Amino acid sequence: FNADCSVGTLSGTIDSDYTLLSEVQWRLDGTVTVGDGNKTVNNSAEVQAIRDAGVTLTIQPGTDVRAFDTGTLLVTRGSMLIADGTPSQPITFSSLDDNFDGLGEWGGVIIQGFAPQYGQGDTGPCFGSGDVCNVEGEGGTDVSVYGGNDPADNSGSIRYVRIAEGGLVAGPNNEINGLTLQGVGYGTTLEYI
């Protein structure tokens, strides 16, 4: 935090439940990872362990989240983002400047889940007959694996959220959009974004 606590900077991993208060302008420095689900799983017990250790990042209505050019919010599988703004108090993600007219000025918001993923060319679900799925995510070296066998997987709620100026090219056919969904199940609420 700065001296008067009006600006707070987030970096690294959020490994316990945390709330971003609306009276603070939050800044994302590098990849801010929520939870520890961004790793390969080998069996159902490891899937359950990630779920049991999941954390929730809550963002209050009206909160202003800005990012340095390397800033990205990555919510890993097993954890949740609760970003429920309102029509009069939307939550805003943007770059550090005071306008919303840029392109690719920071990464974006990535949500990963345990929902099924299907391979190209009608190869079927990656989990086969079990719970394990490890699809390599796009967005750079900090973004690892996602997917599973839970169509109803819940990665949280994102409502009345503005995402401006995001987008990061990590390499050929490897990018982050303003909002990137990877293996997100239908238990997740996405409205008015």
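Up top is the structure these notes are about.
Values in this document were obtained by computation on a predicted structure and should not be read as measured data.

About the thresholds
Residues numbered from 1 in each chain as written. Predicted model: local features only at pLDDT ≥ 70, side-chain atom pairs only at ≥ 80, totals over all residues. Heavy atoms only, no water. Salt bridge = Lys/Arg side-chain N within 4 Å of Asp/Glu carboxyl O. Buried < 20%, exposed > 50% of the residue type's maximum accessible area, 1.4 Å probe, protein only. Helix = DSSP H or I, 4+ residues; strand = E, 2+ residues; numbered from the N terminus. Contact = heavy atoms within 4.5 Å. Pairing = 2+ DSSP bridges. Phe/Tyr/Trp six-rings, centres within 6.5 Å; stacked < 30°, edge-to-face > 60°.

Please clarify how the pattern of salt bridges should be interpreted in this entry.
When the charged atoms of two side chains with opposite charge come close together, those side chains can pair. One pass over the full model with this rule turns up six salt bridges. Where Arg66 meets Asp64, a salt bridge forms, and the shortest distance between an N and an O atom there is 2.9 Å. Arg66 sits in the buried class, given a relative accessible area of 13%. A salt bridge links Asp98 to Arg66; the shortest N-O distance between them is 2.8 Å. You can see Asp98 sitting in the loop between β10 (91-95) and β11 (109-112) and its partner Arg66 sitting in strand β7 (residues 64-67), a full 32 residues away along the chain. Using a relative accessible area of 69% as the deciding quantity, one classes Asp98 as exposed.

Can you walk me through the environment of Glu191 in this structure?
Tracing the sequence through the fold places Glu191 in strand β19 (residues 189-191). Separated by 166 residues in sequence, Glu191 and Gln25 place their C-alpha atoms 23 Å apart. Setting aside anything within four residues of it in sequence, one finds Glu191 in contact with Ile158, Arg159 and Tyr160.

Honestly, the sheet that holds strand β18 (residues 179-182) in this entry has me stumped. Any pointers?
Working definition: the strands of a sheet are paired by backbone hydrogen bonds and lie parallel or antiparallel to each other. A sheet is described by the order of its strands in space; here five strands give the open sequence β2-β5-β8-β11-β18, paired in parallel fashion. Of all the strands in the sheet, the pair left with one neighbour each is β2 (13-14) and β18. Pairing geometry for β2 and strand β5 (residues 31-34), over two bridges, is parallel. Each bridged residue has a counterpart across the sheet, and for Ile14 the counterpart in β5 is Val34.

So what exactly am I meant to see when it comes to the packing of aromatic side chains here?
Aromatic rings considered in pairs are described by the distance between their centres and by the relative angle of their planes. What the rule picks out here adds up to three aromatic pairs. Ring plane angle 85° and centroid distance 6.2 Å describe the contact between Tyr18 and Trp26, whose orientation is recorded as edge-to-face. Measuring from ring centre to ring centre gives 6.3 Å for Phe93 and Trp106, while their planes differ by 15°; the resulting arrangement is stacked. Pair noted here: Phe93 is in strand β10 and Trp106 is in the loop between β10 and β11, with a separation of 13 residues, a long-range link. Relative accessible area serves as the criterion here: at 2%, Phe93 is assigned to the buried category.

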